[in-house]
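If you want the building blocks of each chain, they are given just below.
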Amino acid sequence: LYGVWAANANDVWAVGQSATVMRHDNLKWKALGVPLASKELHAVWGSSPTEVWVGGVSGAAAVYDGTNWKKMPLATTGNLFAIWGDKKALWGAGGRTVSSGPFEGALFYASGAGWGPATSPSKAFLADLFGRTGAGPFVVGAQGTILRWQ
């Protein structure tokens with residue numbers, strides 16, 4: 001497993017290899033089927049138990065509405081390693097392979113219609129992000145990278 005998020009003390013989510021999504025209800029872990037064709041998942045975040053986002057390699061992303069999953073793939077084939085959001089939007093951090101060189105950092109942004117790429121001032125791999133409602137998140141990554149998304 002690569003990522004974990006908790007809606008509260010009695011509702012914990014984890015994601016990992018082969019499109020694994022696990023949910024703990026304070027009694028036991030249960031596997032949830034997600035329509036992402038065995039993709040490796042690294043990121044999980046939610047605003048509540050009825051809005052949970054997962055993301056991973058090769059543009060894989062989906063949202064759970066409390067009953068069903070809906071695919072919400074990235075607009076590129078980038079890899080999503082972290083997700084954070086507030087009532088206005090979602091932000092994602094990760095990386096992508098570019099034709100002119102090695103793997104580089106990538107930022108993603110979503111607001112209603114789906115994910116799209118965002119401009120990153122750094123080419124370093126971006127590993128995680130976190131913020132607070134009403135302010136853009138901080139993003140961290142390789143080579144001591146610390147960014148503030150405005």
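Refer to the structure printed above.
Here goes a summary of the coordinates provided. (Residues numbered from 1 in each chain as written. Predicted model: local features only at pLDDT ≥ 70, side-chain atom pairs only at ≥ 80, totals over all residues. Heavy atoms only, no water.)

In this description, an aromatic ring pair is defined by two values, namely the gap between the centres and the angle between the planes. Inspection of the entire model under this criterion finds 10 aromatic pairs. Ring plane angle 80 degrees and centroid distance 6.4 Å describe the contact between W13 and W69, whose orientation is recorded as edge-to-face. Taken as a pair, W13 in strand β2 (residues 11-16) and W69 in strand β8 (residues 69-71) lie far apart in primary sequence, 56 residues in all. W13 sits in the buried class, given a relative accessible area of 0%. Cluster of aromatic residues (ring-pair linked, three or more members): W84, W91, Y109, F130 and W149. (Phe/Tyr/Trp six-rings, centres within 6.5 Å; stacked < 30°, edge-to-face > 60°. Helix = DSSP H or I, 4+ residues; strand = E, 2+ residues; numbered from the N terminus. Buried < 20%, exposed > 50% of the residue type's maximum accessible area, 1.4 Å probe, protein only.)

Attention now goes to the sheet that holds strand β14 (residues 135-141). Taken in spatial order, the three strands make up an open sheet running β13-β14-β15, and their pairing is antiparallel. Looking along the sheet, the strands with just one partner apiece sit at the ends: β13 (126-132) and β15 (145-148). Geometrically, the sheet is characterised by an average inter-axis angle of 20 degrees between neighbouring strands, direction not taken into account. (Pairing = 2+ DSSP bridges. Axes fitted to C-alpha atoms, helices over the stretch in contact; angles between N-to-C directions.)

The next point concerns the environment of A60. Tracing the backbone shows A60 in the loop between β6 (51-56) and β7 (61-64). With a relative accessible area of 5%, A60 lands in the buried category. Residues A60 and M72, spaced 12 residues apart in sequence, show a C-alpha to C-alpha distance of 7.6 Å. Discounting residues that sit within four places of it in the chain, A60 has contacts with L36, K39, V54 and G55. (Contact = heavy atoms within 4.5 Å.)

Any functional reading would require information that these geometric values do not contain.
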